[in-house]
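# Structural overview for review
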Amino acid sequence: MNILPIATPALCLMIVYATYYGLMEASGRTGLPPPGRRWQVPSHWVGNVPKRRRILVWGTLLGSGFATRNPYAGFGLLPLAAASAGRVLPGVLLGIAIGACHGTSRFLALLRDVHSIKSVDYLESISKSMYWRVADGVSLLIIAGATVSILAFRL
Amino acid sequence: MKSMGEATRTARPVPVAISAIGAGLTVGLVSRGNLSVLTMTAIPLAAMNGYSKAYSP
């Protein structure tokens, strides 16, 4: 992405995206759904396919969240953040850092849950997902403010 | 009895939103528009997003 001069448009898009979804999520309102698919995993992508292809699909598209349902809008901002780096090497390094953090934290969360699955956890997960949604919204608003400052210095 | 929509609404969304945007603006201004600010904010967002997905029903 950083081969093309898209840093400034990416920053503008980040401001719009982060402000809109940040306000929606932080206030608990519903609006446009975050970018993503409707379903968690397209079954025909991973069912009855060779093991290596399944691993490749999980690693590049499904596990990362590019082709699955995204409950929080924060994920959609991450490719824009990588695109705003301006140069190839920083963009690649930022992309690697984002992917590593996203994957590691997801792994840790799944590891935590695998030992303590209970029948009432569904209601608890709904309750906690609401709070995570607000936290995601506040984070997006902080990023929106920071991006406005950065864009102002660039112009 | 509150509806689900009412129950999920943040108690005071306007001050929260203004504070969050203000914090971001301040960080950006203090850093003089340094792009590394985005790195410092995007990485925690990625970590939080990955961890919180486990709670999505």
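Above this note sits the structure.
Treat the numbers as computed from the prediction; the structure is a model and nothing was measured.

What chain B contains, in helices and strands, is three helices and zero strands. Shown N-terminal to C-terminal, the secondary structure of chain B runs as helices and strands in the order α-α-α. Scored against the burial criterion, the 57 residues of chain B give a buried share of 37%. Element-wise, carbon and sulfur atoms account for 67% of the exposed surface of chain B, whose accessible area totals about 3200 Å².

Once that is clear, we can look at the environment of Ile21 of chain B. Looking at where Ile21 of chain B falls in the secondary structure, it is placed in helix α2 (residues 13–30). Taking C-alpha positions, Ile21 of chain B is 14 Å from Val37 of chain B, a pair spaced 16 residues apart along the chain. Among all residues touching Ile21 of chain B, those that are not within four sequence positions of it are Leu141 and Gly145 of chain A.

Glancing now at the packing of helix α4 (residues 74–83) of chain A against helix α3 (residues 36–52) of chain B. Look at α4 of chain A against α3 of chain B: their axes get within 9 Å of each other, and the N-to-C directions meet at 145°. Crossing of α4 of chain A over α3 of chain B shows left-handed handedness. Packed against α4 of chain A, whose contacting residues are Gly74, Phe75, Leu77, Leu78 and Ala81 of chain A, the element α3 of chain B presents Ala42, Leu45, Ala46 and Asn49 of chain B at the interface. For the contact of α4 of chain A with α3 of chain B, the class distribution of residues is seven nonpolar, two polar and no charged.

Once that is clear, we can look at the packing of aromatic side chains. Residue and element names in this part refer to chain A. A full pass over the atoms with the stated rule returns three aromatic pairs over all chains. Considering the side-chain rings of Tyr17 and Tyr21, the 4.7 Å spacing of their centres and the 50° angle between planes classify their relative orientation as tilted. Of this pair, Tyr17 and Tyr21 both sit in helix α1 (residues 7–26), four residues apart, roughly one helical turn. For the pair shown, Tyr17 and Tyr21 are each scored as buried. With a centroid separation of 5.0 Å and an interplanar angle of 80°, the aromatic rings of Tyr20 and Tyr21 are classed as edge-to-face. A relative accessible area of 9% means that Tyr21 is categorised as buried.

Before going further, it helps to spend a moment on the interface of chain B and chain A. Listed per partner, the contact involves 36 residues of chain B and 54 residues of chain A. For the pair chain B and chain A, the number of links is zero salt bridges. In this structure, the connection of chain B to chain A is made through six residue pairs in polar contact (both at pLDDT 80 or more). Contributions of two or more residues to the side of chain B that touches chain A are made by α1 (4–8), α2 and α3 of chain B. A per-element tally of the side of chain B that touches chain A places α3 of chain B first, with 14 residues. Partitioned by chemical class, the residues of the side of chain B that touches chain A number 21 nonpolar, 12 polar and three charged.

About the criteria used
Residues numbered from 1 in each chain as written. Chains lettered and ligands numbered in written order. Predicted model: local features only at pLDDT ≥ 70, side-chain atom pairs only at ≥ 80, totals over all residues. Heavy atoms only, no water. Helix = DSSP H or I, 4+ residues; strand = E, 2+ residues; numbered from the N terminus. Buried < 20%, exposed > 50% of the residue type's maximum accessible area, 1.4 Å probe, protein only. Areas by Shrake-Rupley, 256 points an atom, 1.4 Å probe, with all protein chains shown as cover. Contact = heavy atoms within 4.5 Å. Axes fitted to C-alpha atoms, helices over the stretch in contact; angles between N-to-C directions. Left-handed = near helix turned anticlockwise from the far one by under 90°. Nonpolar A, V, L, I, M, F, W, Y, C, P; charged D, E, K, R; others polar. Phe/Tyr/Trp six-rings, centres within 6.5 Å; stacked < 30°, edge-to-face > 60°. Salt bridge = Lys/Arg side-chain N within 4 Å of Asp/Glu carboxyl O. Polar contact = N/O pair within 3.5 Å; in protein donor to acceptor, adjacent residues only side chain to side chain.

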